[in-house]
Amino acid sequence: MPVPDTYQFFIDPARCIGCQACIQACTECDTHKGQSMIQLDYVDRSHSTQTAPVVCMHCDSPTCAEVCPADAIKRTEDGVVQTARKPRCIACNNCVLACPFGVPKMATGTSLMMKCDMCYDRTSVGLKPYCASVCPSQALAFGTREQMSRLRPQAAPINAFQFGRQVIRTKVNMMVPREHGRPEGPAQIVDVTAAMHAPTISHDILDDVFADIAGTDDGADQ
């Protein structure tokens, strides 16, 4: 059965608390055989503990499948890009190197590329992926756009990502803050290359806030 069109996968990195519940849940998926297909990346570990979940974005034109010389990676009619077919995978690592999101991983023990398949055994029958079902902060969510619009009125789902001159559209949506005051409405694309050069907000700002609070408390005690 295909994944219902009305249900979509949403990632909200701003809500990730780094608890790793998604990683533990992913290992329980029957198709992964005890291996997690999701990872948590540090946004800027030298300045912050903020993490972001990384899952397969299930591209409309998956680069991993396009560069596979053995035609081992298939995209289903409902847009889910599957793990490489074991009889075909030759462990060449082309997919690992080509994915702009850094998702495919080569399982050296089995010489097989493995990655998130959106818990296809669950989502194809209308159930949530394991990671979305256990995420306590709902950084990972599975539902309809209408539901997300009600739950996250200050955020908008984006599924177009720009890498230089290339635009990649995905089945998975990224939640980004709505930019109020824009005449054309919320942003329609995530410019990944530009975001790489954005200035980092350090903890100096928090230190200033805590210093002000401490000063206020001292004054109150007197």
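Going by the structure above, here's the rest.
For clarity, every value in this text was computed on a predicted model and none was experimentally measured.

Q: Tell me about the overall build of the protein, and name the residues and values.
A: Check the secondary structure of the protein and you find 8 helices and 9 strands. Classification of the 222 residues of the protein by burial places 40% in the buried group. Relative to all contacts within the protein whose residues are 6 or more apart in sequence, the contacts with residues 24 or more apart total 59%. Accessible surface, the protein as shown: approximately 12,700 Å² in total, 53% of it carbon and sulfur.

Q: Please set out the packing of aromatic side chains residue by residue, giving values where relevant.
A: This model, assessed by the stated rule, comprises 3 aromatic pairs. Centroid distance Phe-101 to Phe-161: 5.4 Å. Interplanar angle 85°. Geometry classified as edge-to-face. Here Phe-101 is found in the loop between helix H3 (94-98) and strand E4 (105-107), whereas its partner Phe-161 is found in strand E7 (residues 155-163), with 60 residues between them in sequence. With a centroid separation of 5.5 Å and 85° between ring planes, the pair formed by Phe-101 and Phe-163 is classed as edge-to-face. Placement of Phe-101 in the loop between H3 and E4 and of Phe-163 in strand E7 is noted, with a sequence separation of 62 residues between them. Taken together, the aromatic side chains of Phe-101, Phe-161 and Phe-163 make up a single cluster linked through ring pairs. Residue placement shows Arg-45 over the ring face of Tyr-42; its charged tip is 4.1 Å from the ring centre.

Q: Give a description of the sheet that holds strand E9 (residues 190-191) that names residues and reports values.
A: Strands sit in the order E6-E1-E8-E7-E9 across an open sheet of 5 strands; the sheet is mixed. Both outer strands of the open sheet, strand E6 (140-143) and E9, are each paired with one neighbouring strand and no more. Sheet analysis places strand E1 (residues 8-11) next to E6, joined by 4 bridges and oriented antiparallel. Residue pairing across strands places Phe-10 opposite Ala-141, the latter belonging to E6.

Q: Go over the environment of Thr-63 with me, naming the residues and quoting the values.
A: For Thr-63, the location among the structural elements is in helix H2 (residues 63-66). Taking relative accessible area as the criterion, Thr-63 reaches 16% and is therefore assigned buried. Put simply, Thr-63 and Val-96 are 33 residues apart on the chain and 9.9 Å apart in space, counted from C-alpha to C-alpha. Aside from chain neighbours lying at most four places away, what touches Thr-63 is Ala-98 and Pro-100.

Q: Please provide a residue-by-residue account of the pairing of strand E3 (residues 51-54), values included.
A: Of the two faces of E3, the one holding Thr-51 and Pro-53 and the one holding Ala-52 and Val-54 are both buried throughout. Sheet topology note: the strand E2 (residues 39-42)/E3 ladder contains 4 bridges and is antiparallel. The partner of Leu-40 across the bridge, within E3, is Pro-53.

Q: I'd like a description of the layout of surface pockets, backed by residues and values.
A: Here the second largest pocket defines a volume of roughly 220 Å³. Forming the walls of the second largest pocket are Thr-31, His-32, Lys-33, Gln-35, Gln-82, Thr-83, Ala-84, Met-114, Lys-115, Asp-117 and Tyr-120. Here the residues of the lining of the second largest pocket are counted per class, giving 3 nonpolar, 5 polar and 3 charged.

Q: Break down the nonpolar core for me, with residues and values.
A: Ranked by internal contacts, the top residues of the largest apolar core, which has 50 residues, are Phe-9, Ile-11, Ile-38, Ile-73 and Leu-140. Sort the elements by how many residues they give to this core and strand E8 (residues 166-177) lands first, with 4 residues. Discounting residues that sit within four places of it in the chain, Phe-9 has contacts with Val-55, Met-118, Pro-129, Cys-131, Leu-140, Ala-141, Phe-142, Val-172 and Asn-173. One finds Ala-141, Met-148, Ala-155 and Met-175 within the second-largest nonpolar core, a separate group that totals 5 residues.

Analysis parameters
As a convention, each chain's residues are numbered from 1 in the sequence order in which they are written. At least 70 in pLDDT is required for a residue's local features to be given in this predicted model, at least 80 for side-chain atom pairs to be given and counted, and no such filter applies to totals for whole chains, interfaces and linings, which use all residues. Based on all heavy atoms of the structure, the side-chain values leave hydrogens and waters out of the count. Secondary structure elements follow DSSP: runs of H or I no shorter than four residues count as helices, runs of E no shorter than two count as strands, and numbering proceeds from the N terminus. Each residue gets one of three labels from its accessible area relative to the maximum for its type: buried under 20%, exposed over 50%, partly exposed in between, using a 1.4 Å probe on protein chains only. Only heavy atoms matter for contacts: two residues are in contact if any of them lie within 4.5 Å across the pair. Here, Shrake-Rupley sampling with a 1.4 Å probe gives the accessible areas, and only protein chains in the shown set may cover a residue. Pairing of aromatic rings covers Phe, Tyr and Trp, the last counted by its six-membered ring, and requires centre-to-centre distances within 6.5 Å; plane angles under 30 degrees mean stacked, over 60 mean edge-to-face, and any other angle means tilted. For a Lys NZ or an Arg CZ to count as sitting over a ring, it must be within 6 Å of the ring centre and within 35 degrees of the ring normal. At least two DSSP bridges between two strands are required for those strands to pair. Lining residues are defined by having an atom within 4 Å of a point belonging to a cavity or pocket. Those points lie on a 1 Å grid over the protein atoms alone, cavities being sets where a 1.4 Å probe fits but cannot get out and pockets being open sets with protein on both sides within 12 Å along at least five of seven lines. Grid points are joined across faces, edges and corners, and a volume is the space filled by probe spheres set on the points. Here the nonpolar group is Ala, Val, Leu, Ile, Met, Phe, Trp, Tyr, Cys and Pro; Asp, Glu, Lys and Arg are the charged ones; every other residue, Gly included, is treated as polar. Nonpolar cores are built from buried Ala, Val, Leu, Ile, Met, Phe, Trp, Tyr and Cys residues. Side-chain atoms within 4.5 Å join them into one set.

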